[in-house]
Amino acid sequence: MKLIHLTDPHLVPPGATLCGFDPAQRLRETIKRINRDHADAELCVVTGDLTDDGDLASYVLLREVLRDLRVPARLLLGNHDSRENFMRAFPEEPRDANGFIQSAQDGTAGRLIFLDTLVEGFGHGALDRGRLQWLLARLAEKQNTPAYLFAHHPLQPIGLPHFEPWNMQNWQELMPAISGAGNIRHIFHGHVHVDVGGTWSGIPFSGSRGVAHQIIPHFARRDADFVEDAPAFDVALIDDDAVLVHRFEVSDRNVVEVSPAGRFPRGNQ
Ligand SMILES: [Fe+2]
């Protein structure tokens, strides 16, 4: 199974800019690259902060930009989003019985579970108000099937001091509960605007720096610099033996000459 993980496009209304750049243009360039190289993917999951301010005009623009994407998309919400305006622009997107933008889909590699971690009006995330119980039920009903979780906020601690106020509020309840289910194979998340990956209690996770602005974290200063780096997205190749996450930068780097045999001199690659 081939999946695209794309995150944090932070769209603003047509004609507006964010930090001096046009996030919709960065998303268009990213989509062009996905269409060119990865149109065979089964699904493209966009893990939230779809817009910067949650306004309807930005969601309408997102809908227009996504029309060009040749891979089916699943959209999640982040702390910059508005559930109400999202649902006005994307009324067909699945949601749970409580109105949260949560759903599960059975793909060729297992169960894909899409989470809504948005707490309206705040930067931190949570799976409260029935959302954690919904997740545990989705894990339990297919407990012998590998599950892949997608969320805007990292569900696990992330080790970035800058993000401590905006982490998952109930991770200490959440993580032991879901790791106890025993079938989570990977967590894909956004939110942090920097490339990160690792494991928490044996559960692997990955987050990409995303499409809009990025950060350079400073551990000693406990804050971060915001920068405009190249947009990036991840491609996950999943089979029975492995979950391989490749990160692709959307840039126009020069292709360098190599030897006629296609190798660098002395085999130094
Ligand atoms: Fe973001």
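Source: prediction; values computed, not measured.

Scoring rules and cut-offs
- Residues numbered from 1 in each chain as written.
- Predicted model: local features only at pLDDT ≥ 70, side-chain atom pairs only at ≥ 80, totals over all residues.
- Heavy atoms only, no water.
- Buried < 20%, exposed > 50% of the residue type's maximum accessible area, 1.4 Å probe, protein only.
- Helix = DSSP H or I, 4+ residues; strand = E, 2+ residues; numbered from the N terminus.
- Pairing = 2+ DSSP bridges.
- Right-handed = clockwise from strand over helix to strand, strands pointing away.
- Donors = N, O, S within 2.8 Å, 3.2 Å for Na, K, Ca; no water.
- Tetrahedral: all angles 85-135°; square planar, octahedral: opposite > 155°, others 65-115°.
- Phe/Tyr/Trp six-rings, centres within 6.5 Å; stacked < 30°, edge-to-face > 60°.
- Lys NZ or Arg CZ within 6 Å of the ring centre and 35° of its normal.

## Looking at the pairing of strand β2 (residues 43-47)
Logical step 1: With respect to burial, β2 is a largely interior element, five of its five residues being buried.
Logical step 2: A two-sided burial pattern is seen for β2, the buried positions comprising Leu 43, Val 45 and Thr 47 on one face and Cys 44 and Val 46 on the other.
Logical step 3: Pairing of strand β1 (residues 2-6) with β2, which is carried by four bridges, proceeds in the parallel orientation. For Leu 3, the partnering residue across the bridge sits in β2 and is Leu 43.
Logical step 4: Crossover handedness for the path β1 to helix α1 (residues 23-37) to β2: right-handed.
Logical step 5: Bridging between β2 and strand β3 (residues 73-76) involves four bridges; their strand directions are parallel.

## Quick word on the coordination of the iron ion
Logical step 1: Listed as protein donors to the iron ion are Asp 8 (OD), His 10 (NE2), Asp 49 (OD) and His 193 (NE2); their distances from the metal cover 2.0 to 2.2 Å.
Logical step 2: Note that the iron ion binds four donor atoms; their angles at the metal cover 88 to 175°, and the shape is irregular.
Logical step 3: For the iron ion, the single-chain donor residues occur in sequence as D-x1-H-x38-D-x143-H. Placement of the pair is His 10 in the loop between β1 and α1 and Asp 49 in the loop between β2 and α2 (56-66), with a sequence separation of 39 residues.
Logical step 4: Of the residues examined, His 10 reaches a relative accessible area of 1% and is grouped as buried.
Logical step 5: Relative accessible area serves as the criterion here: at 2%, Asp 49 is assigned to the buried category.

## Remarks on the packing of aromatic side chains
Logical step 1: Counted by the stated rule, this structure contains seven aromatic pairs.
Logical step 2: Note on Tyr 59 and Phe 86: the rings are 6.0 Å apart at their centroids and 75° apart in plane angle, and the pair reads as edge-to-face. Within this pair, whereas Tyr 59 is found in helix α2, its partner Phe 86 is found in helix α3 (residues 83-89), the two being separated by 27 residues in sequence. One exposure class covers both Tyr 59 and Phe 86, and it is buried.
Logical step 3: On the basis of an interplanar angle of 5° and a centroid distance of 4.8 Å, the ring pair of Phe 150 and Phe 188 is categorised as stacked. Of this pair, Phe 150 sits in strand β6 (residues 147-151) while Phe 188 sits in strand β7 (residues 184-189), and the two are 38 residues apart along the sequence. Judged on exposure class, the residue Phe 150 and its partner Phe 188 are both buried.
Logical step 4: Site record: aromatic cluster; members linked through ring pairs are Tyr 59, Phe 86 and Phe 90.
Logical step 5: Between the NZ or CZ atom of Arg 26 and the centre of the ring of Phe 21, over which it lies, the distance is 4.8 Å.
Logical step 6: The positively charged end of Arg 131 is found above the aromatic ring belonging to Phe 100, 4.2 Å away from the centroid.

## Observations concerning unusual backbone geometry
Logical step 1: With a phi close to 50°, His 10 is a non-glycine residue in the positive phi region.
Logical step 2: Here the phi dihedral of His 193 falls at roughly 60°; this positive angle occurs in a residue that is not glycine.
Logical step 3: In this fold, His 193 is placed in the loop between β7 and β8 (196-200).
Logical step 4: On the basis of relative accessible area, His 193 is assigned to the buried category, the value being 5%.

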